[in-house]
Amino acid sequence: MGRDVIIALDFPGREELFRFLRYFSGESRKPYVKIGMELFYAEGPRIVRELKELGHPVFLDLKLHDIPNTVRSAMRSLRELDIDMTNVHASGTKEMMEAALEGLTRPDGRRPLLIAVTQLTSTSQERMERDLLIREPIDEVVLHYARRAREAGLDGVVCSPLEAGRIHDNLGRDFLSVCPGVRFPGGEAGDQSRVASPERAKELGADYIVMGRPITRAEDPVSAYRRAMEEFTGASAAPGGTVSDEKRED
């Protein structure tokens, strides 16, 4: 299973988004990108279609969490967007996750990857106990939610890199770990609580890492992206858009 770096496009609108993407206009390999609630709510489905037309794989990060019937219906709408990955909250219950999977699956059986959020990387043990009244160790909670997602037929979970290895040990290498909360060594953690560097995330077994501000707010975003690719995948994204896969691990 190849690793990849997903750039979180957390911009307020399309003007800021495409100003940023111009940095990558010379790249033949278009980065995997994440569209979150801020951008999707501002611009709607057309922003997904535009990014797909440009050749970007798209993770639509809307974290659906509602009654099963509503989530099923919402996923039926999202499946028409040709996205590559989307997600729900695992805390919505196994029944809701099963409904999401049903709604996301097209009549011909094809569908994007569907993953479930376990605990947000901004959530610490103290916050989880104080605000959510969950007293178990956070890594146990994450693994429990991941088990429910696997039982529901989902492809993987969103977790911090710190939990990725344990999830793979218990649920298999084919069960994806998509990990935000990744920062370069010495970088600001911001609102993240459970963080790791790209290199450490690789060591811990993450399949995908999601990086926003360390790339989008970098003085040289392309260099920051190439650094993340090199440290996480072992592949070098060279100037001109070529990516060497010689070191890529499966």
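It should be noted that the structure appears before, not after, this text.
Residues numbered from 1 in each chain as written. Predicted model: local features only at pLDDT ≥ 70, side-chain atom pairs only at ≥ 80, totals over all residues. Heavy atoms only, no water.

Peer 1: An account of the packing of aromatic side chains is needed here, citing residue identities and associated values.
Peer 2: Summed over the entire model, instances satisfying the criterion amount to five aromatic pairs. Taking 5.5 Å as the distance between ring centres and 55 degrees as the angle between the ring planes, the aromatic pair formed by Phe20 and Phe24 counts as tilted. We classify Phe24 as buried; its relative accessible area is 2%. Ring centres of Phe24 and Tyr225 lie 5.7 Å apart, and the angle between their planes is 80 degrees; this geometry places the pair in the edge-to-face category. You can see Phe24 sitting in the loop between helix H1 (14-21) and strand E2 (32-35) and its partner Tyr225 sitting in helix H11 (residues 221-233), a full 201 residues away along the chain. In this pair, the class of Phe24 matches that of Tyr225, namely buried. (Phe/Tyr/Trp six-rings, centres within 6.5 Å; stacked < 30°, edge-to-face > 60°. Buried < 20%, exposed > 50% of the residue type's maximum accessible area, 1.4 Å probe, protein only. Helix = DSSP H or I, 4+ residues; strand = E, 2+ residues; numbered from the N terminus.)

Peer 1: Account for the sheet that holds strand E5 (residues 113-117), naming residues and giving values.
Peer 2: The sheet built from eight strands closes into a barrel, its strands ordered E1-E2-E3-E4-E5-E6-E7-E8 with parallel pairing. Each neighbouring strand pair of the sheet contributes to a mean axis angle of 25 degrees, computed without reference to strand direction. Taken together, the three bridges between strand E6 (residues 156-158) and strand E7 (residues 176-179) define a ladder with parallel strand orientation. Bridge pairing in E7 links Val158 to Val178. On the sheet, helix H5 (residues 94-104) packs against strand E3 (58-64), strand E4 (85-89) and E5 and is oriented at approximately 155 degrees with respect to E5. (Pairing = 2+ DSSP bridges. Axes fitted to C-alpha atoms, helices over the stretch in contact; angles between N-to-C directions. Contact = heavy atoms within 4.5 Å.)

Peer 1: So what about unusual backbone geometry? Which residues, and what values?
Peer 2: With phi around 50 degrees, Lys63 is a residue other than glycine that occupies positive phi space. Of note, Asp82 is a non-glycine position whose phi angle comes to about 60 degrees, a positive value. Tracing the backbone shows Asp82 in the loop between helix H4 (68-78) and E4. The exposure class of Asp82 is partly exposed, given its relative accessible area of 46%.

Peer 1: Give a description of the pairing of strand E1 (residues 4-8) that names residues and reports values.
Peer 2: Taking burial as the measure, the five residues of E1 include five buried ones, the bulk of the element. Alternating positions in E1 separate into two faces, Asp4, Ile6 and Ala8 on one and Val5 and Ile7 on the other, with burial throughout. Sheet analysis places E1 next to E2, joined by three bridges and oriented parallel. Within the sheet, the bridge partner assigned to Ile7 lies in E2 and is Val33. Regarding topology, H1 serves as the crossover connection from E1 to the parallel E2, and that connection is right-handed. (Right-handed = clockwise from strand over helix to strand, strands pointing away.)

Peer 1: Describe the packing of helix H7 (residues 138-151) against helix H8 (residues 161-171), naming the residues involved and giving the relevant values.
Peer 2: Relative orientation and spacing of two packed helices are given, respectively, by the angle between their axes and the distance between those axes. Viewed as axis vectors pointing N to C, H7 and H8 meet at an angle of 45 degrees, and their least axial separation amounts to 10 Å. The angle between the axes of H7 and H8 places the two elements in the oblique class. In the packing of H7 onto H8, the handedness of the crossing is right-handed. The segment H7 lies against H8, with Asp139, Glu140, Val142, Leu143, Ala146, Arg147 and Arg150 engaging Glu163, Arg166, Ile167, Asn170 and Leu171. The class makeup of the residues in the contact of H7 with H8 is five nonpolar, one polar and six charged. (Parallel < 35°, antiparallel > 145°, perpendicular 65-115°, else oblique. Left-handed = near helix turned anticlockwise from the far one by under 90°. Nonpolar A, V, L, I, M, F, W, Y, C, P; charged D, E, K, R; others polar.)

Function cannot be inferred from these measures alone, as they are strictly geometric.
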